[in-house]
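Results of the structural survey
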Number of protein chains: 2
Amino acid sequence: MTPRAYEAIKWCDIVVGYHTYMSLIKDLIAGKEQVGTGMKQEIDRCRRAVELAAEGKRVVVVSSGDPGVYGMAGLVLELVGKLPAEQRPEAEIIPGLTAANTAASILGAPLMHDYAVISLSDLLTPWELIKKRARMAAEGDFVIALYNPRSRGRATHLDEICEIILQYRDPATPAGIVRKAGRAGMSYTITDLANLAAQDVDMQSTVIIGNSRTRVEDGRIITPRGYEL
Amino acid sequence: MTPRAYEAIKWCDIVVGYHTYMSLIKDLIAGKEQVGTGMKQEIDRCRRAVELAAEGKRVVVVSSGDPGVYGMAGLVLELVGKLPAEQRPEAEIIPGLTAANTAASILGAPLMHDYAVISLSDLLTPWELIKKRARMAAEGDFVIALYNPRSRGRATHLDEICEIILQYRDPATPAGIVRKAGRAGMSYTITDLANLAAQDVDMQSTVIIGNSRTRVEDGRIITPRGYEL
């Protein structure tokens, strides 16, 4: 958590968020009004936050990672924009460390060169578009970070994506999986593209697949920038 | 700066870095041994840091943004790996907020969906590969964040990249420029893809170009995730 996020939470009267994230900061928010909701209730929770802020309350919506990356930032701004101009509360986005960057630091330095971030969740995005993006990222030799790589409802998504990337990239390309990046119980695995889909990967995992120059050295994934050493 | 980065700097005996970055934290590092070097001396500076750490010193290499994104993390790990196993110092990568995420928070919520990060610096990367990546990112409808978008030696790179992206994306696609993201003197401009290259953009700028669904609302760039509101 950055100092800015910490200060904002200290400042507010009301904390709104997915209850799993609220429980991660329960000591920090003790004594404050808390509006916790379950998964897939993003719209309700952000709407309530915007209503409370429009009433003049000091409200913080908490996300894990960076609220600006697959988080609540966009939804909050969209809902603020739906209010008549004179009722709109001020909204500030406080950036955070997104899972790609936290996971990269655990694995070594895989994101040292151009990279693409793709979520494999097809709840809000057509699966065909997700596959197209994976293909373009593979063809462009981007390092690729995958969010929401697998869940019960999407058991074979990661397998399909690996098949697509394998059409452009060596099966020995280093790949890493970080579970619970930046949280208690974090763990990681370093493998290669050919064996990635067979690993234990879940919705709380972030996957990073190297580019054509990425290598594993001394147990760490490194994508060289190209310095001559 | 995250608390982890702060603690590491407090802990160390020696701070190594590009002198511009050192001057940003001069109060924090007062009294510590400082090894500052100029631009384009990345290898010298990281080699010195690794040597000092191998001697048992507590060394921190400072970067702006995230050291794992076009920063010093990879070079440090490469240089550690070149030492005989018994001489290798322990190296930890402390992730930070990279410019794409900081800039996004200033512009609104442009990175809410799949995105690609591309540096337009061709010092270490062939210009043809950079253009290919821009083309793939545009064809895949990724939100695109551009680092090092323009410098004296690369006056027309951004123009060429905009031409490529315009082959796939509407000229009215929202685009934002953030100068000195997260630092004193930060400023930003919101424009569109057609007018992006004509703006005042320099090496200290980060550029973000929306995807086909990105819009500007109430002075902020928003890429909707697809919630039905």
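Residues numbered from 1 in each chain as written. Chains lettered and ligands numbered in written order. Predicted model: local features only at pLDDT ≥ 70, side-chain atom pairs only at ≥ 80, totals over all residues. Heavy atoms only, no water.

Residues and elements named next belong to chain B. What the three strands build is an open sheet, ordered β2-β1-β3; its pairing is parallel. Only two strands of the sheet have a single neighbouring strand rather than two, namely β2 (33-37) and β3 (59-62). Sheet twist, expressed as the average angle between the axes of neighbouring strands with direction ignored, equals 15 degrees. As paired strands, strand β1 (residues 14-18) and β3 are joined by four bridges and run parallel to one another. (Pairing = 2+ DSSP bridges. Helix = DSSP H or I, 4+ residues; strand = E, 2+ residues; numbered from the N terminus. Axes fitted to C-alpha atoms, helices over the stretch in contact; angles between N-to-C directions.)

Residue and element names in this part refer to chain A. Counting buried positions along strand β1 (residues 14-18) gives five out of five residues, so the element sits mostly inside the fold. Where β1 lies against strand β2 (residues 33-37), five bridges are found, and the strand directions are parallel. Bridge pairing links Ile14 to Glu33 in β2. Between β1 and its parallel partner β2, the chain crosses via helix α2 (residues 19-24), and the hand of that crossover is right-handed. (Buried < 20%, exposed > 50% of the residue type's maximum accessible area, 1.4 Å probe, protein only. Right-handed = clockwise from strand over helix to strand, strands pointing away.)

A few words on the relation of the copies chain A and chain B. Each copy of the sequence occupies a distinct position, and chain A is placed on chain B by a rotation of 180 degrees and an axial shift of 0.0 Å, giving an RMSD of 0.0 Å. Look at the turn and shift together and you get a two-fold axis relating the two. Closest approach to the rotation axis among the C-alpha atoms of chain A is made by Ala116 of chain A, whose C-alpha sits 2.1 Å away. A share of 98% of interface residues in chain A that are also interface residues in chain B marks the association as one of identical surfaces. (Least-squares fit on C-alpha atoms with pLDDT ≥ 70 in both. Contact = heavy atoms within 4.5 Å.)

Of all ten residues making up helix α4 (residues 73-82) of chain B, nine are buried, and the element is well covered by its neighbours. Taken together, the buried positions of α4 of chain B are occupied by Ala73, Gly74, Leu75, Val76, Leu77, Glu78, Leu79, Val80 and Gly81 of chain B. Buried residues in α4 of chain B make contact with β4 (108-109), β10 (215-217) and β11 (220-222) of chain A together with α3 (42-54) and β3 of chain B.

Attention shifts here to unusual backbone geometry. The backbone phi angle of Lys180 of chain A is positive, close to 55 degrees, even though this residue is not glycine. Its place among the elements puts Lys180 of chain A in the loop between β7 (174-179) and β8 (187-192).

We now examine the side chain of His113 of chain A. When you line up the elements, His113 of chain A lands in the loop between β4 and β5 (115-119). In this structure the side chain of His113 of chain A is engaged in a polar contact, spanning 2.8 Å, whose partner is the side chain of Thr125 of chain B. Those residues in contact with His113 of chain A that lie beyond four places of it in its chain are Val143, Asn211, Thr223, Pro224 and Arg225 of chain A together with Tyr70, Thr125 and Arg133 of chain B. (Polar contact = N/O pair within 3.5 Å; in protein donor to acceptor, adjacent residues only side chain to side chain.)

Once that is clear, we can look at the side chain of His157 of chain A. Residue and element names in this part refer to chain A. Relative to the helices and strands, His157 resides in helix α7 (residues 157-166). Note on His157: relative accessible area 8%, which makes it buried. Residues within four places of His157 in sequence aside, it is in contact with Leu120, Asp122, Trp127 and Pro149.

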